[in-house]
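What the coordinates show
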Amino acid sequence: MELDYDPLWDESGDLRQGCTVREALTWLTTFGSHSAGECVYVNGVGYTAGRLLYGPNRPEIADKPICRVCDGYYRQLNFSV
């Protein structure tokens, strides 16, 4: 994955179609803007980023495409799928 490619936003600043929660979190944690220990909200349910990224018990919601990114306070990640 490259720093100049953002899987979440396209070149015009619009949400990239088909980007999954896991793809977005992989990019955000790889390039240091977020950590695996941070809380992420998907459809209003809280998860740690690491739980959505790693392990055999990863929730199915991690592989769903994002349809909306919600504004959050203090860099809080909020996705709707």
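Placed above this text is the structure.
Attention here is on the structure that accompanies the text. (Residues numbered from 1 in each chain as written. Predicted model: local features only at pLDDT ≥ 70, side-chain atom pairs only at ≥ 80, totals over all residues. Heavy atoms only, no water.)

1. Quick notes on the side chain of H34
With respect to the helices and strands, H34 occurs in the loop between α1 (21-30) and β1 (39-42). When its relative accessible area of 11% is taken as the criterion, H34 is described as buried. A distance of 2.9 Å separates a polar atom in the side chain of H34 from a polar atom in the side chain of E38. Once residues lying within four places of it in the same chain are set aside, the contact partners of H34 are L28, T29, R75 and L77. (Helix = DSSP H or I, 4+ residues; strand = E, 2+ residues; numbered from the N terminus. Buried < 20%, exposed > 50% of the residue type's maximum accessible area, 1.4 Å probe, protein only. Polar contact = N/O pair within 3.5 Å; in protein donor to acceptor, adjacent residues only side chain to side chain. Contact = heavy atoms within 4.5 Å.)

2. Describing the packing of aromatic side chains
Counted by the stated rule, this structure contains one aromatic pair. The interplanar angle of 55° and the centroid separation of 5.5 Å between the aromatic rings of W27 and F31 together place this pair among those described as tilted. The exposure class assigned to F31 is partly exposed, which follows from its relative accessible area of 31%. (Phe/Tyr/Trp six-rings, centres within 6.5 Å; stacked < 30°, edge-to-face > 60°.)

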